[in-house]
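# Understanding the architecture of this molecule
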Amino acid sequence: MAVADAERVGKLCGRCEAARTWESLPPGIQETIDTAVRRGNMPGLFAMREALPSFGIPQAMDLLMFRHAALGLDGSV
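Just so we're clear, the structure is a prediction, and the values are computed from it rather than from any experiment.

### Some thoughts on the overall build of the chain
- For the chain, the count of helices and strands is 5 helices and 0 strands.
- The linear arrangement of helices and strands in the chain, starting from the amino end, is α-α-α-α-α.
- Pairs at least 24 apart in sequence give 42% of the contacts found in the chain among residues at least 6 apart.
- Summed over all atoms, the accessible surface of the chain reaches about 5100 Å², with 58% contributed by carbon and sulfur.

This is the structure in structure tokens:
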């Protein structure tokens, strides 16, 4: 079992947690993050970090992949 998997035992999967996080964000923050994600991975991650200071890299990567899929981007993360 990978470390990331071991940390999630008994919790939601990364994609489910990303969806829950996304739905809990105000529309203005969602729009800011989506705009940044369309410009690239790093702008997207920076926008998430600014909007969600307590977010760690694993959660940000899950949310980035979730938004890539939702926006129909190529998924290269």
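### Things to note about the confidence of the model for the chain
- The predicted model of the chain averages 86 in pLDDT, with 83% of residues at 70 or higher.
- No element of the chain has a lower mean pLDDT than helix 1 (residues 3-7), which averages 55, and none a higher one than helix 3 (residues 27-39), which averages 96.

### Let's talk about the packing of helix 2 (residues 14-24) against helix 5 (residues 57-71)
- At a minimum axis separation of 9 Å, helix 2 and helix 5 run at an interaxial angle of 80 degrees. Here helix 5 runs roughly perpendicular to helix 2, going by the angle between their axes. On the side of helix 2, the interface is formed by Gly14, Arg15, Ala18, Ala19 and Trp22, while helix 5 contributes Asp62, Leu63, Phe66, Arg67 and Ala69.
- Among the residues forming the contact of helix 2 with helix 5, the class breakdown is 6 nonpolar, 1 polar and 3 charged.

### Section: the environment of Ser24
- The topology assignment puts Ser24 in helix 2.
- Here Ser24 falls in the exposed class, since its relative accessible area comes to 56%.
- Within the local environment of Ser24, its side chain forms a polar contact with the backbone oxygen of Thr21, the two atoms lying 2.7 Å apart.

### With respect to the packing of aromatic side chains
- In this structure the tally under the stated criterion is 0 aromatic pairs.
- The ring of Trp22 carries Arg67 above its face, with NZ or CZ at 3.9 Å from the centroid.

The rules we used
Residues numbered from 1 in each chain as written. Predicted model: local features only at pLDDT ≥ 70, side-chain atom pairs only at ≥ 80, totals over all residues. Heavy atoms only, no water. Helix = DSSP H or I, 4+ residues; strand = E, 2+ residues; numbered from the N terminus. Contact = heavy atoms within 4.5 Å. Areas by Shrake-Rupley, 256 points an atom, 1.4 Å probe, with all protein chains shown as cover. pLDDT = per-residue confidence, 0-100. Axes fitted to C-alpha atoms, helices over the stretch in contact; angles between N-to-C directions. Parallel < 35°, antiparallel > 145°, perpendicular 65-115°, else oblique. Nonpolar A, V, L, I, M, F, W, Y, C, P; charged D, E, K, R; others polar. Buried < 20%, exposed > 50% of the residue type's maximum accessible area, 1.4 Å probe, protein only. Polar contact = N/O pair within 3.5 Å; in protein donor to acceptor, adjacent residues only side chain to side chain. Phe/Tyr/Trp six-rings, centres within 6.5 Å; stacked < 30°, edge-to-face > 60°. Lys NZ or Arg CZ within 6 Å of the ring centre and 35° of its normal.

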